Amino acid sequence: MLTTVEKDVAHTRLQAAVEEMCLTLRRASRSLYVRDAADFACAVADLSGRFVAYPQDVGVSGFVGLDLTPAIEAATADGPLAPGDVVLTNDPYLSGGLSTHLPDVHAIAPFFDGDELVGYGWAFVHVSDVGGRVPSSVSVLNDSVFTEGLRIPPLRYVRAGTVVPEVEAILAANSRTPEANRGDLHAMLAALDTGRRRVGELTADLGPAGFADVGEFAREQSAARARSALRTLADGTYRFEDYLDNDGVSGVPLRVVVTATVDDGAVHLDLTGTDPQVEAALNMVTFGRAHSWVVTRIFALIGTLDPAVPLNGGLMDVIGFSAPEGTLLNATGTAATGVRHATTSRVNDVVSGALVQAAPEVLPAASSGLVVPVVFAAADGSRVDVVEPMVGGTGARHGADGADGRDSGISNLSNNPVETVEANVSVRVLRYALRTDSGGAGRWRGGSGLELEFEALTDGGLLARGLERLRFRPWGFAGGRPGALTELVVNEGRPDERRLSVVDVHPLRAGDRVVLRTSGAGGYGDPLERDAEAVLADVAAGLVTAEAAREAYGVVVRDGVLDVAATSAERTGRSVSAERTHSLGPERERWERVFPSALADRLDVHLRTLPTTTRAARRRELLGGVLCGLPERFPGVAASEEELVAAEKSFAEAVAAATSTTA
């Protein structure tokens, strides 16, 4: 039997191994997605199929809780894995939820000690293109998984150390970027070889039983520390909801609801009330189980409360999850999933909105709530490159401003250096900076969004998947204001200016200019309580204008100098908020006056009695009928009192009529 110290040392060796795997993959990769944006990860699992070692700070952290078992079982229906085999898959449905959309290709290698299977190595990369309707394979307008590209069921890509040529030929024939893909896939194989060697060294010292003990020890330690961290939250049941801008088919928004139950160091997330799956690529496949990609806010919370907690599958032991079948967070059939990150980003905000009620001095206000890989595709599809993976800021929390230009949600991708972008992509970057006046005002200011402006040097296409927060602001808390809304504009200020909200592939001509301004995060605490010198520093840094300093904070800055007397006079007479509530913004307040939660819940109960394939269309019909009586850009544009009263009545009557048929 190994001692606790020996297990701890062995686990540290495994941690070093997965870090080395990631470095191998990154250095050997061929695409900007992997080499610069770092959209990849590696891990080691034991025979449970759950990760026992995961990198702390290299690659994507949100997949730490994945389970390899369903994909392995599917791949071994024709016989067990042998030394040198590697399984490949990218399909959310066929892999049992291992992959979350088709461009994420996962590889699994069995690790042996002699003839005895001891565990698995895992790697994933986001490849540049897997075919489908559009370059890069991802568009919100894809209406089924079949339009999104090549579906790879769990199959053997490598047998006994040799790549299967027929499989590689099929992969190459179904991509616009076969060489970049091949380079990234072979980089995964190199990473798995690194893991195989390091695990082999460890099992040579410990034996198979010792390796199994280390894995169990690692998961149990992480689970125990996570449970201890979550016990600092107030037990209880907390609900919150928020919205996606639209359903990808129409202008009708989508509602995401969570009821979080905190009980003795465990958190259960119930997504009942969340809208039905849609005929667009906003769906997430979870099979109704806690999926690592959906519960990343809990990982972040645990890491905040215990920064040294080891990342491995044990974190999932403290998280419960339920979502009705046929909804956005438990899609079935062949629903498209390419832009699932937009939906899971909103889940993060909703979970924060629920749990901030349990720990108001720990949880932040809403983050910017979007992840937008801005892609430029050559006109012939021969190049598909990420210009920048754009996010916004992190929500402010009690005692600290939010991080500017970085989001603590599902994205921890690196930004691409401008020099690298211009050397590899046919664009000229004109501006890449923090966005002024975007972070929500508060005693602690929400993180600023980003602003990216570039010029196309050749004809091509713009893709901006995950474009969100153009209609509903990231909420503030405890008197903090919401963040600014997102803007995407082509040729701003020119006669051919176009403001975009849903982007499939927007054609660009050489000389066209694109500017994306991402949403800012929510503020925390009353802005009138912010230290005037901190506001002055924000003005000096270009994060807040002098006009916004006066309007939001009551701070007067003249010619870069704080006017103390004028500031005192400005703040005198303004009331300071002491409420521990969410500040939702005028757009959301208008929306929920017409479509209140109680009626939306009743409608949801009715919709779940209908066939899965008809639910979204029925909801769209009912809400669309009400919206016909409101201004075209409602809720961004205010309606008259008469219009609001009529719309309220119309929705109540529509729900009553629909639910009477259910009864």
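Located above this text is the structure these notes cover.
The rules we used
Residues numbered from 1 in each chain as written. Predicted model: local features only at pLDDT ≥ 70, side-chain atom pairs only at ≥ 80, totals over all residues. Heavy atoms only, no water. Helix = DSSP H or I, 4+ residues; strand = E, 2+ residues; numbered from the N terminus. Rg over C-alpha atoms; globule rule 2.2 N^0.38 Å. Buried < 20%, exposed > 50% of the residue type's maximum accessible area, 1.4 Å probe, protein only. Areas by Shrake-Rupley, 256 points an atom, 1.4 Å probe, with all protein chains shown as cover. Polar contact = N/O pair within 3.5 Å; in protein donor to acceptor, adjacent residues only side chain to side chain. Contact = heavy atoms within 4.5 Å. Arc of directions from axis to C-beta. Pairing = 2+ DSSP bridges. Salt bridge = Lys/Arg side-chain N within 4 Å of Asp/Glu carboxyl O. Axes fitted to C-alpha atoms, helices over the stretch in contact; angles between N-to-C directions. Parallel < 35°, antiparallel > 145°, perpendicular 65-115°, else oblique. Nonpolar A, V, L, I, M, F, W, Y, C, P; charged D, E, K, R; others polar.

It is worth spelling out the overall build of the chain at this point. A tally of regular secondary structure across the chain gives 15 helices and 24 strands. A compact globule built from 663 residues should have a C-alpha radius of gyration of about 26 Å, and the chain, at 25 Å, falls within 12% of that. In terms of overall dimensions, the chain has a C-alpha envelope of 75 × 60 × 55 Å along the principal axes. Counting every position in the chain, which comprises 663 residues, the buried fraction comes to 59%. As displayed, the chain has an accessible area near 23700 Å², and 51% of this comes from carbon and sulfur atoms.

What follows covers the side chain of Asp85. Tracing the backbone through its elements, the reader meets Asp85 in the loop between helix H3 (69-75) and strand S3 (86-89). Asp85 gets classed as buried once you look at its relative accessible area, which sits at 3%. One polar contact links Asp85 to Arg156, side chain to side chain, over a distance of 2.9 Å. Asp85 has contacts with Ile108, Ala109, Pro110, Arg156, Val158, Arg159, Ala160 and Arg196, leaving out every residue within four places of it along the chain.

The next thing to look at is helix H9 (residues 532-541). Of the positions making up H9, those classed as buried are Ala532, Val535, Leu536, Asp538 and Val539. The buried residues of H9 occupy one face: seen down the axis, they fall within an arc of 160 degrees. Among the exposed residues of H9, those oriented more than 90 degrees off its buried face are Ala540 and Ala541. As for H9, its buried residues are in contact with helix H10 (546-553), strand S22 (557-558), strand S23 (561-562) and helix H11 (564-571). For H9, the side-chain oxygen to backbone nitrogen distance between the N-cap and Glu533 is 3.0 Å, and the N-cap itself is Asp531.

Glancing now at the pairing of strand S13 (residues 384-390). Summarising burial for S13: seven of the seven residues are buried, a large majority. In this sheet, S13 lies alongside strand S12 (residues 372-378) in antiparallel orientation, the contact comprising six bridges. Residue pairing for S13: Val374 is matched across the bridge by Glu388. The turn linking S12 back onto S13 is made up of five residues, and Gly381 within it adopts a positive phi angle of 80 degrees.

For the coordinates displayed, the defined rule picks out 54 salt bridges. Residue Asp104 is joined to Arg340 by a salt bridge in which the shortest nitrogen-to-oxygen separation is 3.2 Å. Of this pair, Asp104 sits in strand S4 (residues 104-113) while Arg340 is found in helix H7 (residues 340-355), placing the two residues 236 residues apart along the sequence. Residue Asp104 is classed as buried on the basis of its relative accessible area of 2%. Among the ionic pairs, Arg346 bridges to Asp349, the shortest N-O distance being 3.0 Å. Note that Arg346 and Asp349 are positioned in helix H7 at a spacing of three residues, about one turn of the helix. Per residue, the accessibility class of Arg346 equals that of Asp349, and both read buried. Look at the salt bridges and you will find they share partners, linking Asp242, Arg346, Asp349, Glu468, Arg469, Arg588 and Glu592 into a network.

Spatially, the four strands line up as an open sheet ordered S8-S9-S10-S11, and their pairing is mixed. Strands with a single pairing partner mark the edges of an open sheet, and in this sheet they are strand S8 (236-244) and strand S11 (319-322). Ignoring strand direction, the axes of neighbouring strands in this sheet form an average angle of 20 degrees. Two strands pair when backbone bridges link them, and strand S10 (residues 266-270) and S11 are joined in this way by four bridges, in the parallel orientation. When the sheet's bridge partners are listed, Leu269 is paired in S11 with Phe321.

Reading across the sheet, the four strands line up as S13-S12-S16-S20 and stay open at both edges, with antiparallel pairing between neighbours. The sheet is open, and its two edges are formed by S13 and strand S20 (506-508), each paired on a single side. In this sheet, adjacent strand axes meet at a mean angle of 25 degrees when their direction is disregarded. Pairing of strand S16 (residues 460-464) with S20 involves three bridges; the strand directions are antiparallel. If you follow Gly461 over to S20, its bridge partner there is Pro507.

The geometry of helix H1 (residues 4-28) relative to helix H5 (residues 178-230) is characterised by a closest axis approach of 7 Å and an angle of 175 degrees between their N-to-C directions. Considering the angle they form, H1 stands roughly antiparallel to H5. Of the residues assigned to the contact of H1 with H5, the class counts are 18 nonpolar, six polar and eight charged.

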